[in-house]
Structures are given as structure tokens and as C-alpha cells.
2 protein chains.
Amino acid sequence: MSERVVIIGGDAGGMSAVSQIRRGRPDVEVVALERGRWTSYSACGIPYVVGGVVKGGVERLVARTPERHRELGTDVRIGHEAIALDLDARAVDVRDPDDGTYRLDYDHLLIATGGTPIRPPLPGIDLPFVHGVQTLDDAVDLLEHAEGPCQDVVVVGSGYIGLEMAEAFVQRGCSVTVIEQAAQPMVTLDPDMGTLVAEALLEQGVKLRCGVGVKGFEPGAVLTSDGVVDADLVVLGIGVGPNSKLALEAGLAVGVKDAIRVDERQETSCPGVWAAGDCCESRHLVSDRPVHFALGTYANKQGRVAGINIGGGDAVFPGVLGTAITKICSREIARTGLNEGEAEAAGFDAVASRIESTTTAGYFPDAEPMTVKVVVERGSGRVLGAQIVGGDGAAKRIDTCAAAITAGMTAQQVLDLDLAYAPPFSGVWDPIAVAARQALKLL
Amino acid sequence: MSERVVIIGGDAGGMSAVSQIRRGRPDVEVVALERGRWTSYSACGIPYVVGGVVKGGVERLVARTPERHRELGTDVRIGHEAIALDLDARAVDVRDPDDGTYRLDYDHLLIATGGTPIRPPLPGIDLPFVHGVQTLDDAVDLLEHAEGPCQDVVVVGSGYIGLEMAEAFVQRGCSVTVIEQAAQPMVTLDPDMGTLVAEALLEQGVKLRCGVGVKGFEPGAVLTSDGVVDADLVVLGIGVGPNSKLALEAGLAVGVKDAIRVDERQETSCPGVWAAGDCCESRHLVSDRPVHFALGTYANKQGRVAGINIGGGDAVFPGVLGTAITKICSREIARTGLNEGEAEAAGFDAVASRIESTTTAGYFPDAEPMTVKVVVERGSGRVLGAQIVGGDGAAKRIDTCAAAITAGMTAQQVLDLDLAYAPPFSGVWDPIAVAARQALKLL
């Protein structure tokens, strides 16, 4: 009898493994358990479907349907939920769509249970008008609201998904209020960069309530530390935690935020049991500490690495920088590595330079502002992190910083980089080089 | 008496040194000799003034006028041409605007004489309707033609400046023919990528004559290996050579294309004599060979390095990748490092992967094609070069490759990079990662 790989979770972390497993071990049986009804979809695309940028419904976000996976040889079981792991017996207990249960033996197990939007235990949090943004079923609900007579939308939290959803509902003509506990939106940026995001939101007509705490929800209203805010619909954008319940109950080692602990090969504390995606920890390449980020790119890469290893190969996932990017109306926003606050918290003696430049040569008619901040370690001169807020074409340049940080480059080495120049793309001193040069002056 | 630094050439290579010299040695006298009438300008901006994208005349391209330089303490001498160097006596012979000559002693000399558009010795090459694109005086001439009743423009050569000028005249409503000896335009790209540039030119209405040699010029016509082409105006875009005549005559060491040889500190073979910009050689970071590229970014950086060293500091210019970028109508084009042909010529055993991706998530309405090619060394897996041709937002991503190549990263390490992802910017697998992954399969 051939070996069996069981995958729990039909999205990126799990399904990215399949082709790698098959390449390594063509004869293996692969069973994928998915408690929902979708596989291999782009949750990151939800705001763009809700906002009407992407037409044609949530189906457009599905890269590969269960049917297609089955045609390719994977036994995808939709509506089947893994409810318990027996690591000693190497078996998963599964609840089927008819509420029956059965036991499934495995030779290798890949846990890819994803993340869960954080829902703080506030009064009224379970009211039906309070929505997370995680699955395509969430997207279907939100789209229905967006296309309906929805007037007042409140977004709680101002992370990437929160602000993208705020923009989506503005595009639908709703009145949108963003409530953020911190003094600035997007706390993954330093406050001075967050201010630029606040400006972009205000320009777009979003009502921004920073320094305000949410106390609870009542039908039609959000109760805050600063009064009652009307709401037909609440979107939770407070972040996503790891969905590691099964792993925890089975006794697998967990770490930060209870995310499943894995080694570089994505293997958990139990040999033959692997994990990938939002449910597991990563190592931060700058701080060398374990971290939890829920990002689709990591899920895809980790799934691929797990699949290669399950298939008998040898691959590693070296770690992450927390690189993230978004576009809020006309403003592009990105970050990588450590921000100033994170660098300090991680024990680095760091300085930060922030410079103003433009997305094209300054004499171009469509030059737009572009602010670059780099965080640099005193002494070594090593770049620890970077943030960019700016106009069209600004944010994806963060990748240059990501490559430089991964390579352990100093600010001097970044200044020396042979970055592309032509007037439609930057001034002769690239904004990233200008930021590095400014940092050198501070060192 | 204070020391004197003499700078020959009032553009980027020379004038970038000034503030650094002054920072290191506030008391030094700085004399800058400029045979033309402009200082510190962006020659790269000329096509955009000629095309009418940048309004307000060539003055818009001047970052710092002679007057402003003088206010800041530099003795800028417009219309003064250095005509000979006496390295033993540490003196420059200068012709002044009234055709008189005088001798100027120096303690340090910075040669920043720039580049000269290549003018092959063809019959009629000196006819007044045959123009180079190098100085702002060239730009004034070209702008006059562009705004006049010019009908038929022929661009000889299809490098960056040539194609940018072709686009500029198309935007002015002229009929433009590009004549290129090679089988594809833009020979700094591999032919398979050059094909994509050819498509962009044809879409825009440029008549492209590849595989055609120019035999000479007659008033109103260009004589080619494939017949006569009508022309009111000819633009030479065959490349720029180093203007190293003075240095050669004085006996300074030269290298590739007679470019002035310098060490990492930008010092020539004669101590106290420095060179920066289009007149001098650079070291290629991948091939480790001396090369000559005429690029504004190098001039600025090399001038800065020379200035720091003249000022008593210690700076190095580590080398170049030949990173270049342009935008031809809606198509963005960029390259860095070695292309396939160059890698072979440099003795590398290389493989190349070329992939098709999109500038946003594929399900986005404005997703545009983006082709990425990476050249990778067999065995080591090291990335040697990259090329990108694609829609809006595609080309500046070449900087990520430039950083990776500078760091000596392998294709696997590029695949592992934590590159930014959100649907408005790329698919979940960044196009550069996809190219790296494809290269891994070939290795």
C-alpha cells in the first residue's frame, strides 16, 4: 500500500505542498481536508472584490478549485474538518459534512490550518454585523453588504487589511470610520510614517479616530472610549492569530502567540508532522527571534518547502523580514525588517534617517512625493529595516531594501548599490540611496 | 596660500565633488573649468524636454547654475576650456572665451570631461542635420527642430537614448525611423528580450529597420545598406565614448575604449590627479573586468568619492553592474549585471530562465504583462544578471536584482527573499521569485 500524506487546510500553506510532494514521491496518496468550501484562494484579494475593483465575485480569487485539485490527483475533501490529532497512532480524527466522524491514518501530516482574525472578548463581538476578513465566506458576506444599502461602516484597527477594507467601502460610497487605539494608523510603521498614512486616509474621506478604544458592540453601534459610533457593518482589522488549536491540543510545541513551532524544514516537534502558513512561527532574519506574521507569501513558500521535504527532498525556509505592502487610494505604503521601535525592542542601538524624495526626477510633471526611512545599527552600520510611503511606483522599491537587509548590507553598501536611474523612475540619486546617505551622516 | 583644486568639467562628475571637498578642506580654493555654458544638468532628461513631457525649456534640466555654484564658493569659469595638462608641473593650460590662454596650477586635479557621442567616420556625418544627444546645447538644437516643421526623423542606433529620442519625436508628431545594425533593438538586452522592445516600438508607430547598416548621409537623406531613407533630422544614438583626450595626451593610463584608468578611490595613474564620470573606467562587479558605461549615476557617485578623497577622507567606488532602465511609451525596460551573451563572453557557464508574469495579481483589471529573465551560473547557482520588460511598475524592480547580484546571491537565495506582496503589486509569487525558481529547475 502506498504511503499517505494528510494535509489539513486547503489553502496556500497546504496546497502549495502538493506538487512538490508528488514530484518527490509520485506514488504517494495525498488527502487534503478542508472544513470550508474553497481551496487555493487569495484572501488578500478580498478587499478588491468588495471594493469592486475586481469584478465577477469571490470566485475570481480562487486559483485552483477543489475539482481541479482532484483532477490533478489530490483527494480533496470539502466540508471535512480535522477535529483531533493522535500523534502516537499517526492518525487524524475527521468530522464529515454529515456530522459523522472517521479516523484517517497518515505517514506524513501537514498542518496548514491558517490564521484566525483576532476577536477580542468584547460585549457584542459575536453580533452578526461584526465581520472578520479571512475566508472567502467572509468575503461573500461582506460583498453582499457592500452591494446593498450599507451606509455606515466601522473598521476596527488600521492594519493592512483594515485600511484596504476601509478603502473598499469608500469606493462603494459608504461612510467609513476607522477606529485605532494607537495614536497613528498602521502601527507596523513608525509613528512618523504612520502620519503620512493618516493624511492619505483623510484625503480620501475616511473618518479616522486614533487613540480611541472599542468597548463593545450593540446592534447599529460601536461603543468606544470616545462615544458611540453608528455602524451598519463592523469590519475587524485587528490582526490575525495562528489557528493552532489542533496542534496545541495534540501537544505539539508552540511559540509566539501559540503559533506552531517548526524547524527550518517546516517540521514540527513531532517527526513526520509538518506545518506551513499562518498557523506557524517563522524566524526573523534581523532579530533572529521567532515571530508570527500571517502573510500569503510565507504560506506559499513554507508549503513548498514542507512539500519538498515530505517528498524526500531537502529544502529550508530561512526566515522572514515582515515585508509588507499596500496601496491606500493614491498612496503606496511598504515596510521591511525592523522599524525604529522594533529595533529598540530587539536590543539594537539604532539610528533612523527619513528623507523626502520623488517617484520620478523632480522636474517631471507627474513627480509624486516619496518618503523613505531606513533604520541602521550604530557601530556596524548594518541596515535593519526600511519603510516607504509615497506615490505611484514608490512602495515596491521596498524589495531592494529587503534584498539588502537579507544580505546584511551596511548603509554604505546600500548607497553604493547600482540602482537603476532614468528620469521617469527617480532622481539621479535614488531615494533609497539618499536615505542610506542620510543615515551615514547620522552614524 | 591655500591649496587649489582644479576641476575640468562642470557637470555631475566634477560638481558632485565640490561639497565633499569643501566638507573635508573648508579652506581649499576650487576652480571649475567648463567649456560650455551649463553646469550640473541632467543630460538624461533631454528626450523628455524634446518630447514635450517636461515643459519650460532645457533650463528645467539644470540642477545648479554657474551663478549658484559661485554663490556657494566655487570659482566656476564658463567658456574656459582645458587644452593641455602638465602633470609634472601640476598645471592646466586653459583657453578663455576670448581665445586667450593661461596656465592654472593645481594641488589636486579632477578630470570630469564626460563622454562624447560616438560619430563613426561616415560620409556626411558632419552635416548639420546630424545630431548627438549629450549636452544641453544639443538639446537646444533638437528642441528647435522638434518644435519646428520637422517631418522625418531618423535615429541611428537603438540604445536607451536613441529610443527615448525616437519616442520624443513620435510624441511631437514626426515620422520616426530607427535604424539598427543588429537583428533586434537595444543590444544591451538579449535578443529574446529585445524582441519585446521591438513590439513596443512598432505599436507606437516607429518604423524599425533592424539588420540595416548606415553607409552615410546626404542633405535630406540617410544612405543605408537597404536603400535611402528620407530625413530632415538625424539623431545619433550609437553610444557614448569617454572624452579622455586630455588625459591621453598627458600620458595618464587609460583602459577600455581609452577611458581613464582609476583605482577604487578614483585616483588616476598620477597621484593627486583624479577622474570621475563618463571619461573614466569602472570595474564590473560580476565579471571583475574593467568596463566603460556612460551613466549619470556613476558620474555622481564617482564625483562624490573623488571629492571625499581630495578632501582628505577615504572613500571607494566599488564598481558597477551596468544597471539601466528606460520607458518606451507604455513599456518599461531594465537590465542589470550580465546578459546571456555577456556572461558567455566573460567565460561563465550560465543558464538563463525567462518567465511571463504580471505587474499585479493576475485577477486585477489592470494587470499588465511582465517578462523577467535571469542569468545564473551553473554550479554555483549565483545570479549573474537580470532583464525585465513589462508594463507600468515592472522595470524598477530590477533594483532588487541589482542588490541580490551585488550580494552574490544564488537563485535559491533570490527565491527565498521576502519580497513584498499585495494584489495591486504582484502575484503571491513575485515575478523575480518566479524567474529564480524557474532558473533552479534548469540548474
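Please read these numbers as outputs of a predicted model, since none were measured by experiment.

**Q** Outline the overall build of chain A, supporting the account with residue identities and numerical values.
**A** Scanning chain A from N- to C-terminus turns up 13 helices and 25 strands. At 23 Å, chain A has a C-alpha radius of gyration in line with the 22 Å of a compact globule built from 443 residues. By principal-axis analysis of the C-alpha atoms, chain A measures approximately 70 × 50 × 40 Å. Scored against the burial criterion, the 443 residues of chain A give a buried share of 59%. Pairs at least 24 apart in sequence give 63% of the contacts found in chain A among residues at least 6 apart. A total accessible area of about 16200 Å² is found for chain A, and carbon and sulfur atoms account for 49% of it. The distance from the centre of the 39 positive side-chain charges to the centre of the 59 negative ones in chain A is 3 Å.

**Q** Can you tell me about unusual backbone geometry, naming the residues and giving the values?
**A** All names here are of chain B. One non-glycine residue, serine 40, lies in positive phi territory at about 45 degrees. With respect to the helices and strands, the residue serine 40 is situated in the loop between β2 (29-34) and α3 (46-50). Notably, aspartate 99 is not glycine yet its phi reads approximately 70 degrees, a positive angle. Residue placement: aspartate 99 occurs in the loop between β5 (91-95) and β6 (101-105). Looking at aspartate 99, the relative accessible area reads 60%, which means it is exposed.

**Q** Help me get a handle on the interface of chain A and chain B, residues and values and all.
**A** The interface is formed by 58 residues belonging to chain A together with 58 residues belonging to chain B. Interface area for chain A against chain B, summed over the two sides, is near 5000 Å², with a carbon-plus-sulfur share of 66%. Per-residue buried area on chain A facing chain B is highest for Tyr363(A), Asp418(A) and Phe425(A); these three make up 15% of the total on that side. The tally of links between chain A and chain B comes to two salt bridges. Residues Lys396(A) and Asp430(B) are paired through a salt bridge, measuring 2.6 Å at the closest nitrogen-oxygen approach. Linking chain A with chain B are 24 residue pairs in polar contact (both at pLDDT 80 or more), by the criterion used here. For the side of chain A that touches chain B, the elements supplying multiple residues, two or more each, are α9 (296-310), β21 (324-328), α11 (398-406), α12 (411-416) and α13 (431-442) of chain A. The element that contributes the greatest number of residues to the side of chain A that touches chain B is α11(A), accounting for seven residues. In terms of residue class, the side of chain A that touches chain B is made up of 32 nonpolar, 11 polar and 15 charged.

**Q** Break down the confidence of the model for chain A for me, with residues and values.
**A** Averaged over chain A, the pLDDT score is 95; the fraction of residues at 70 or greater is 100%. Across the predicted assembly, pTM comes out at 0.96 and ipTM at 0.96.

**Q** Report on the packing of aromatic side chains, specifying residues and quantitative values.
**A** Counting across every chain of the model gives eight aromatic pairs over all chains. Plain terms: the ring middles of Tyr363(A) and Phe364(A) are 6.1 Å apart, the flat faces sit at 55 degrees to each other, and that makes the pair tilted. Here Phe364(A) falls in the buried class, since its relative accessible area comes to 9%. Here the aromatic residues Tyr48(A), Tyr363(B) and Phe364(B) are joined through ring pairs into a cluster of three or more. The positively charged end of Arg437(A) is found above the aromatic ring belonging to Trp429(A), 4.6 Å away from the centroid.

**Q** Help me get a handle on the relation of the copies chain A and chain B, residues and values and all.
**A** Under the fitted operation, chain A is carried onto chain B by 0.0 Å of movement along the axis and a turn of 180 degrees, and the coordinates agree to an RMSD of 0.0 Å. Taken together, the rotation and translation describe the operation of a two-fold axis. Residue Thr400(A) of chain A places its C-alpha closer to the rotation axis than any other residue of that unit, at 2.1 Å. Comparing interface residues between copies, 100% of those in chain A also lie at the interface in chain B; the contact surface is shared.

**Q** Outline α13(A), supporting the account with residue identities and numerical values.
**A** All names here are of chain A. Under the 1.5 Å per step criterion, the end-to-end length of α13 is 17 Å for 12 residues, consistent within 8% with the ideal 16 Å. Buried residues belonging to α13 abut β23 (350-358), β24 (369-377), α11 and α12. In this structure aspartate 430 caps α13, since a side-chain oxygen of it lies 2.9 Å from the backbone nitrogen of isoleucine 432.

**Q** If you had to explain the pattern of salt bridges to someone new, which residues and values would you point to?
**A** All names here are of chain A. This structure, assessed with the given rule, holds 59 salt bridges over all chains. In this structure, the salt-bridge partner of arginine 77 is aspartate 75, at a minimum N-O distance of 2.8 Å. Given a relative accessible area of 18%, arginine 77 falls into the buried group. A relative accessible area of 28% means that aspartate 75 is categorised as partly exposed. Here aspartate 430 ties to arginine 397 by a salt bridge, and the two come within 4.0 Å at their closest N and O atoms. In this pair, aspartate 430 is assigned in the loop between α12 and α13 and arginine 397 in the loop between β25 (383-390) and α11, connecting sequence segments 33 residues apart. Each member of the pair aspartate 430 and arginine 397 is classed as buried. By sharing partners, the salt bridges in this structure join Asp190, Asp192, Glu340, Arg354 and Lys373 into a single network.

Quick notes on the rules
Per chain, residues are indexed from 1 in the order of the written sequence. To label them, take the chains in the order written and letter them from A, then take the ligands in the order written and number them from 1. Where totals are concerned, whole chains, interfaces and linings use all residues; where local detail is concerned, this predicted model gives features only for residues with pLDDT of at least 70, and gives and counts side-chain atom pairs only at 80 or more. The basis for the side-chain values is all heavy atoms of the structure; hydrogens and waters are excluded. Strands are runs of DSSP state E lasting at least 2 residues, helices are runs of H or I lasting at least 4, and numbering of each runs from the N terminus. Each radius of gyration is computed over the set of C-alpha atoms, and the globule rule expresses the reference value as 2.2 Å times the number of residues to the power 0.38. Exposure categories follow from relative accessible area, calculated using a 1.4 Å probe and restricted to protein chains: below 20% of the type maximum is buried, above 50% is exposed, and the middle band is partly exposed. What makes two residues a contact is simply this: any of their non-hydrogen atoms within 4.5 Å. Accessible surface is estimated by sampling points in the Shrake-Rupley manner with a 1.4 Å probe; for residues, cover comes only from the protein chains shown. The sign given to each residue is positive for Lys and Arg and negative for Asp and Glu; His and the chain ends receive no count. Charge positions are represented by NZ for Lys, CZ for Arg, CG for Asp and CD for Glu. Buried area: the accessible area, evaluated with a 1.4 Å probe, that two parts lose upon being put together, summed over both parts. In what follows, salt bridge is the name for a side-chain nitrogen of Lys or Arg lying within 4 Å of a carboxyl oxygen of Asp or Glu. Polar contacts here mean pairs of N or O atoms no more than 3.5 Å apart (in protein, one a potential hydrogen donor and the other a potential acceptor; neighbouring residues in sequence count only if both atoms are side-chain atoms). For this classification, Asp, Glu, Lys and Arg are treated as charged, while Ala, Val, Leu, Ile, Met, Phe, Trp, Tyr, Cys and Pro are nonpolar and the rest, including Gly, are polar. A score between 0 and 100, pLDDT records how confident the predictor is in each residue. Centres within 6.5 Å make a pair out of two Phe, Tyr or Trp rings, where for Trp the six-membered ring is used; the pair is then stacked when the planes are under 30 degrees apart, edge-to-face when over 60, and tilted otherwise. By definition here, charges over rings are those cases where NZ of Lys or CZ of Arg is within 6 Å of the ring centre and within 35 degrees of the ring normal. The copies were overlaid by least squares, fitting only the C-alpha atoms of residues that reach a pLDDT of 70 or more in each copy. Multiplying 1.5 Å by the helix residue count minus one yields the expected span of that helix.

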